[in-house]
Structure formats: C-alpha cells, structure tokens
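Observations on chain architecture
Spelled out, the chains give:
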Amino acid sequence: MASKDAQNQRRGLPGFLPGAPDPDQGLPASSNPGNQAWQPSLPLPSSFLPTVSLPPGLEYLSQLDLIIIHQQVELLGMILGTETSNKYEIKNSLGQRIYFAVEESICFNRTFCSTLRSCTLRITDYSGQEVITVNRPLRCNSCWCPCYLQELEIQAPPGTIVGYITQKWDPFLPKFAIQNANKEDILKIVGPCVTCGCFGDVDFEVKTINEKLTIGKISKYWSGFVNDVFTNADNFGIHVPADLDVTVKAAMIGACFLFDFMFFEHSLAGL
C-alpha cells in the first residue's frame, strides 16, 4: 500500500510549479493500444482561445501542464533480441491519447549505431495527421568529447522549424538547452549525475537560462523491476506551466525521446 501511495504522489504535479493544482487521481494503468481512448477534438472555450495563432495540431498542448509519454512494448524485439523502431503514446493526465509517435530509421543504424543512431520521429494526432517532426542526426555522446554533441530539430508543422534541443558539454551532469528557431537558448535542462533509476524516478529539471529557477521537470518513471529489466518500455512525465509556449512543449516532447535513446534505451541501463 505504501508503494502504491508513493507512485500516486510522484505522478502528481510538482509543487514548485506556480498555480499548479493538486491532481485528484494518479496516472491510469496502460491498456491495449487498440482500445486506447483518444482525446476528442473539441472547440476550446473562449477563455482558452490563444491570442496568437498556434501551429496547427498543437492547440491542445496549450491547456496541458502534464504530458505523459508511454513507450509501447515491442514483442518481436523481445523475442528475437533485435532493436526495433520505437513507438510512443503521448497522453494527457487522464490517460487519453493525444498523439502517437513512430520512429523512422533503417535496420543498419539500429543494429550498428544503436542508441546513437540517426532517426526521424513522426508525431500524429487522432486523425493520423502529422503535426510534429523530430529529426535526430548521428552525433557523439561522451563527457570526454566536447564537440559534435547530441542535437534534435523540432518541426511543427512538418517543414517549419520551431526549435532545437542541444546537448551542452559538462564533465559531471547531463545538460541540454531548449533553443528557438534561431538557435537562441531559452531554457536549460539539467539531469542528475547518475541517470540509473535504482528503483526510483529520474528527474531532469527544466530551468531558466541562468539555472537559478526551476520551472518544470521531465521525469522518467520507474515502472518496476520486471518491466525495466526485461523490456525497453519506458514512461515519462513532462511537468510544465500550462501557459508555456506550445512550441517549447513540443520541444520537450522531443527531449523525452532523446533522453530515452541516450540513457534508457537498454533495459539494464534504465533501472
């Protein structure tokens, strides 16, 4: 019972977010993707209408202060021991699917480049329309190499660059910058010294540029010993202020994918 209470508590909104309400319920259990309820496309109340136009397909993100990302289990990869393309469900706090993400990469890259592989993640809405494209080039990932580090390009809608996620060199902590379309830093992401979950959540704090104020976090939820050891399925939560720009929220979704590749792709590394 204590473990269940702790899980419900950790999945609530973080206390440091200004104006964030205390949720009444925890994250619903994962269900069969075929039976997964989609968030219906409904017109927004006038109080939620944006004062400026939003990228098409991202309107719903303007209401969210909690975004859940659930990686689907690939049974074929488990049976054959091969690396398959990743697939993710993106949900709201009620467990309703709002987007679906699929990795596009070639088998050679997945086999020989492994977690460093170049790929494209295509994010679609309930109608199958692609609303976000995340491009990941082949880059280095080492605290000993201060150049050619990890980077993501975020497009929303596809073809229109709205931001980047870039790794910043640091010998001790994983650090990243959220950048706008002009590659200007707007926020920082700082991870823990040890990204091994060790039977607990792993939090990457979203901070202002000077790193003095924390405004949100990206959490890799610990899903249990059996799931973490024997599958590559990971669960993430993005906690942000509801009024944060939707393009920044889209970039943070991309950051979740990058963290999954870099730190949690191999099951034993994601404990």
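The protein chain goes by Phospholipid scramblase in an unreviewed UniProt entry, where it is assigned to Pongo abelii. Heading Cofactor (unreviewed entry) of the UniProt record for the protein chain holds this comment: "Ca(2+)". Database annotation for the protein chain, UniProt heading Sequence similarities (unreviewed entry): "Belongs to the phospholipid scramblase family."

On to the overall build of the protein chain. Looking only at helices and strands, the protein chain features 5 helices and 12 strands. Burial statistics for the protein chain: of 271 residues in total, 50% are counted as buried. Looking at the protein chain as shown, the accessible area adds up to about 13,100 Å², and 58% of this sits on carbon and sulfur atoms.

What follows concerns the environment of phenylalanine 204. The residue phenylalanine 204 is located in strand β10 (residues 202-207) in this model. For phenylalanine 204, a relative accessible area of 0% puts it in the buried group. In the structure, phenylalanine 204 is positioned 12 residues away from glycine 216 in sequence and 8.8 Å away in space, judged by C-alpha atoms. Those residues in contact with phenylalanine 204 that sit more than four places away from it in its chain are Pro174, Ile189, Val190, Gly191, Pro192, Thr195, Lys217, Ile218, Phe259, Phe263 and Phe264.

As a general feature of sheets, a regular strand has side chains that alternate between the two faces. Counting buried positions along strand β1 (residues 66-71) yields 6 of 6 residues, so the element is predominantly enclosed. Here β1 shows a buried face lined by Leu66, Ile68 and His70 and a second buried face lined by Ile67, Ile69 and Gln71. Here β1 pairs with strand β12 (residues 235-239) via 5 bridges, running antiparallel. Each residue of the ladder has a partner; that of histidine 70, found in β12, is asparagine 235. Taken together, the 4 bridges between β1 and strand β2 (residues 87-91) define a ladder with antiparallel strand orientation. Along β2, the bridge assignment pairs isoleucine 69 with isoleucine 90.

Quick look at the nonpolar core now. Grouped together as the largest cluster of nonpolar side chains are 49 residues, with contacts concentrated most on Ile90, Ile123 and Ile218. Residue contributions to this core peak at 15 residues, all from helix α5 (residues 246-264). With residues up to four places along the chain from it excluded, the contact list for isoleucine 90 reads Ile67, Ile68, Ile69, Gln96, Arg97, Ile98, Tyr99, Ala101, Ile123, Ile253 and Phe257.

With that settled, the discussion passes to the packing of aromatic side chains. In total, this model carries 7 aromatic pairs according to the counting rule given. By the ring-pair criterion, three or more aromatic residues cluster together here, those being Phe176, Phe204, Phe236, Phe259, Phe263 and Phe264. It is lysine 183 that lies over the ring of tyrosine 164; its NZ or CZ is 4.7 Å from the centre. When the ring centre of phenylalanine 264 is taken as reference, the NZ or CZ atom of lysine 220 above it lies at 5.4 Å.

Counted residue by residue, strand β11 (residues 214-221) has 8 buried out of 8 residues, so it is predominantly covered. Taken together, the 6 bridges between β10 and β11 define a ladder with antiparallel strand orientation. Paired with lysine 207 across the bridge in β11 is threonine 214. Across 5 bridges, β11 lies against β12 in antiparallel orientation. Paired with serine 219 across the strands is glycine 237, a residue of β12.

Criteria and cut-off values
- Residues numbered from 1 in each chain as written.
- Predicted model: local features only at pLDDT ≥ 70, side-chain atom pairs only at ≥ 80, totals over all residues.
- Heavy atoms only, no water.
- UniProt positions renumbered as here; feature names shortened; annotations may be inferred.
- Helix = DSSP H or I, 4+ residues; strand = E, 2+ residues; numbered from the N terminus.
- Buried < 20%, exposed > 50% of the residue type's maximum accessible area, 1.4 Å probe, protein only.
- Areas by Shrake-Rupley, 256 points an atom, 1.4 Å probe, with all protein chains shown as cover.
- Contact = heavy atoms within 4.5 Å.
- Pairing = 2+ DSSP bridges.
- Core = buried A, V, L, I, M, F, W, Y, C linked by side-chain atoms within 4.5 Å.
- Phe/Tyr/Trp six-rings, centres within 6.5 Å; stacked < 30°, edge-to-face > 60°.
- Lys NZ or Arg CZ within 6 Å of the ring centre and 35° of its normal.

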